[in-house]
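Close look at the chain arrangement
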Amino acid sequence: MKIHAGPGPAHSISIMENYSIVIFIMAIMIGLSAMADSVRIPYPVLLITAGIAIGFIPALPVIELNPEVVFLIFLPPLLYDAAFNINFQDFRININTIGTLAISLVFITASGIAAVAYYLIPGMTWPLAFVLGSILSATDAVAAMSITKGLGLSSKTNTILEGESLVNDASALVAYRFSVAAVTGSAFIFWQASAEFAVLLLGGAIVGLVIGRILGAIIMRIHNNAQATIGMMLLMPFVAYRVAEELEVSGVIAVVILGLGIADFSKKIFPDRLKQQSKTIWETIIFLLNGLIFILIGLQFPYVVKNISSNQLLPYIGYAFIITVIALLLRMIRVFWQRANLQKGFERGHKRISENALLDFKNSLIISWSGMRGIVSLAIAIGLPTHLHDGTPFPLRDAIIFISVAVVLFTLIGQGLTLSWIVKRLQ
């Protein structure tokens, strides 16, 4: 993250050099999280609203989110924690549904949003429309899980939402890469995109397996030293992500495979004392990261508003609302379609579809309504290149970023406020 401060020519300094801003944001985050239960508002919604309000404080320097910070600092521990704690048996039972949501739904959503954007937004070309669609194609289960925590969701629903978020970021990033390439003039070749997607997934899985074996061998020798063991487990998600990205394969998949492997390994070798220590430390880290993410999402809105002319503000908000509704409808259609397909497969005696894999109406509706966008969509949008290869400005860059941020806010606040109500009504 960077901070632009002072009047006149903006200058950038690292956020870690401005301790007052860091302490201020963290204090507000912790305080509002503590208040969330008493005011009966989901804490992600409370933090986002606070972030928007803070962002409009005139004396506060403009905090610009750096996508590299999100992908390197936030993403690895959040993915690792989700993979480490996922119910692997439920994951295996529901792999069909998870794969459908994490891969096919991502590309369906990207295409649907692209079509709406192309015909709705003036000046939007097909390549630019697909850039917007790919940015908003993946959901953020971190938000959904934070909002539904304590509502008593079934293990199946939690596992499907978590499992989807472990893979869909990789799908969205591939779609985004090819969309941006198309804007710069590169031709889109379907078989080439499919092959690259397969290589990214397979390469990331291999990196995750190798790092997992290395970590397992180290832990075998040091597991009696609690601090060293926990320290290595904190470090390795970042190592796996960085190694995978350097090898130009999926860092997301590498971290997920590492988390799944170490979760199984730790059950066999970790003493109960170490498990409890590790759990306490990770819960604190994830709490802080999640809270900071939601504050930062809210902080971005005042920043992107400044780049949009006043006469375009309301139309762009309208476009964002329509795209939000379309994304929700596409997700609902795909989830209930998957429910029907599972039922047909089970009735026909398909070996891979057990009764436990079937979706009822309640689970289908909750999964559909949990399709919120989050920090990954925000980071991808803000990470759009400023110029094309020939030096010309990236077309409609400010519009794409503003609409993306608005959709993220619409889903997190709108669906976030209503999701807990829907869950309670269904129960």
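What counts and what doesn't
- Residues numbered from 1 in each chain as written.
- Predicted model: local features only at pLDDT ≥ 70, side-chain atom pairs only at ≥ 80, totals over all residues.
- Heavy atoms only, no water.
- Helix = DSSP H or I, 4+ residues; strand = E, 2+ residues; numbered from the N terminus.
- Rg over C-alpha atoms; globule rule 2.2 N^0.38 Å.
- Contact = heavy atoms within 4.5 Å.
- Salt bridge = Lys/Arg side-chain N within 4 Å of Asp/Glu carboxyl O.
- Buried < 20%, exposed > 50% of the residue type's maximum accessible area, 1.4 Å probe, protein only.
- Axes fitted to C-alpha atoms, helices over the stretch in contact; angles between N-to-C directions.
- Parallel < 35°, antiparallel > 145°, perpendicular 65-115°, else oblique.
- Left-handed = near helix turned anticlockwise from the far one by under 90°.
- Nonpolar A, V, L, I, M, F, W, Y, C, P; charged D, E, K, R; others polar.
- Expected span 1.5 Å × (residues − 1).
- Bend = angle between axes of the 7 residues up to and from the residue.
- Phe/Tyr/Trp six-rings, centres within 6.5 Å; stacked < 30°, edge-to-face > 60°.
- Lys NZ or Arg CZ within 6 Å of the ring centre and 35° of its normal.
- pLDDT = per-residue confidence, 0-100.
- Core = buried A, V, L, I, M, F, W, Y, C linked by side-chain atoms within 4.5 Å.
- Patch = residues over 30% accessible without salt bridge, like charges linked within 9 Å, V, L, I, M, F, W, Y side chains within 5 Å.
- Areas by Shrake-Rupley, 256 points an atom, 1.4 Å probe, with all protein chains shown as cover.

1. Describing the overall build of the chain
Tallying secondary structure elements over the chain gives 16 helices and three strands in all. For 427 residues, the compact-globule estimate of 2.2 N^0.38 gives 22 Å, and the C-alpha radius of gyration of the chain, at 21 Å, lies within 12% of that figure. For the chain, the C-alpha atoms occupy an extent of roughly 60 × 55 × 50 Å along the three principal directions. Long-range pairs, those at least 24 residues apart, make up 80% of the contacts in the chain between residues at least 6 apart in sequence.

2. Remarks on the pattern of salt bridges
Here the structure, examined in full by the defined rule, presents three salt bridges. Here arginine 331 ties to glutamate 164 by a salt bridge, and the two come within 2.8 Å at their closest N and O atoms. Here the residue arginine 331 occupies a position in helix 13 (residues 310-347), and glutamate 164 occupies one in helix 8 (residues 155-183), the gap between them amounting to 167 residues. For the pair shown, arginine 331 and glutamate 164 are each scored as buried.

3. With respect to the packing of helix 8 against helix 14 (residues 361-369)
The interhelical angle for the contact between helix 8 and helix 14, taken along N-to-C directions, is 30°, at an axis separation of 10 Å. The angle between helix 8 and helix 14 falls in the class roughly parallel. Helix 14 is crossed by helix 8, and the crossing has right-handed handedness. For the pair helix 8 and helix 14, contact is made by Lys156, Thr157, Ile160 and Leu161 and by Asn363, Ile366 and Ile367, respectively. Taken together, the residues of the contact of helix 8 with helix 14 sort by class into four nonpolar, two polar and one charged.

4. Here's the deal with helix 5 (residues 95-120)
The terminal C-alpha atoms of helix 5 lie 36 Å apart, and with 26 residues this matches the ideal 38 Å at 1.5 Å per residue to within 8%. Within helix 5, the axis deviates most sharply at leucine 105, by approximately 40°.

5. A look at the packing of helix 5 against helix 8
Packing of helix 5 against helix 8 leaves a shortest axis separation of 8 Å and a crossing angle of 30°. Between helix 5 and helix 8, the interaxial angle falls into the category roughly parallel. Crossing hand, helix 5 versus helix 8: right-handed. Listed contacts from helix 8 to Thr97, Ile98, Leu101, Ala102, Ile103, Val106 and Phe107 of helix 5 are Thr159, Ile160, Gly163, Glu164, Val167, Asn168, Ser171, Ala172 and Ala175. Class assignment of the residues belonging to the contact of helix 5 with helix 8 gives a composition of 10 nonpolar, five polar and one charged.

6. Overview of the packing of aromatic side chains
In the structure shown here, the tally under the stated rule is 12 aromatic pairs. Ring geometry for phenylalanine 321 and phenylalanine 410: centres 5.7 Å apart, planes at 75°, overall edge-to-face. Here phenylalanine 410 lies in helix 16 (residues 397-426) and phenylalanine 321 lies in helix 13, a separation of 89 residues in the sequence. A network of ring pairs unites the aromatic residues Tyr118, Tyr119, Trp126 and Phe130 as a single cluster. One Lys or Arg, arginine 334, reaches over the ring of tryptophan 337 and ends 4.4 Å from the middle of that ring.

7. Description of the confidence of the model for the chain
Residues of the chain with pLDDT of at least 70 account for 93%, and the chain-wide mean is 84. Scored below 50 in pLDDT, residues 1-17 makes 35 contacts in the model with residues more than four places away or belonging to other chains.

8. Structural notes on the nonpolar core
One finds Leu132, Ile135, Ile297, Leu384 and Ile403 to be the most contacted residues of the largest nonpolar core, which totals 130 residues. No other element matches the 14 residues that helix 12 (residues 272-305) contributes to this core. Beyond its immediate chain neighbours, meaning those up to four positions away, leucine 384 contacts Val131, Ile135, Tyr176, Val180, Phe394, Arg397, Ile400 and Ile401. The next biggest cluster of nonpolar side chains, apart from the first, holds five residues, and it includes Val174, Phe178, Phe197 and Leu200.

9. Things to note about a nonpolar patch on the surface
Taken together, the side chains of Phe321, Ile322, Val325, Leu329 and Ile333 make up a nonpolar region of the molecular surface, amounting to roughly 440 Å² of accessible area. For phenylalanine 321, a relative accessible area of 47% gives the class partly exposed.

10. Quick notes on helix 15 (residues 375-382)
Along helix 15, eight of the eight residues are buried, which leaves the element largely enclosed by surrounding structure. Within the span of helix 15, buried status applies to Ile375, Val376, Ser377, Leu378, Ala379, Ile380, Ala381 and Ile382. The elements touched by buried residues of helix 15 are helix 3 (67-85), helix 6 (126-135), helix 8, helix 12 and helix 16.

11. Comments concerning the environment of methionine 35
Within the element layout of this structure, methionine 35 appears in helix 1 (residues 19-39). Separated by 166 residues in the primary sequence, methionine 35 and leucine 201 place their C-alpha atoms 41 Å from one another.

12. Quick word on the side chain of serine 370
Looking at where serine 370 falls in the secondary structure, it is placed in the loop between helix 14 and helix 15. Excluding its chain neighbours within four sequence positions, the residues that come into contact with serine 370 are Ala144, Leu161, Arg331 and Leu419.

13. Thoughts on unusual backbone geometry
Its identity as a non-glycine residue notwithstanding, glutamate 248 has a phi of 60°, on the positive side. The exposure class assigned to glutamate 248 is exposed, which follows from its relative accessible area of 65%. Positive phi, close to 55°, is recorded for leucine 396, a residue that is not glycine.

14. Some points on the environment of isoleucine 121
Along the chain, the position of isoleucine 121 falls in the loop between helix 5 and helix 6. Sequence separation of isoleucine 121 and proline 315 is 194 residues, and the distance between their C-alpha atoms is 9.0 Å. Ignoring any residue separated from it by four or fewer positions in sequence, one finds isoleucine 121 in contact with Leu132, Tyr319 and Ile403.

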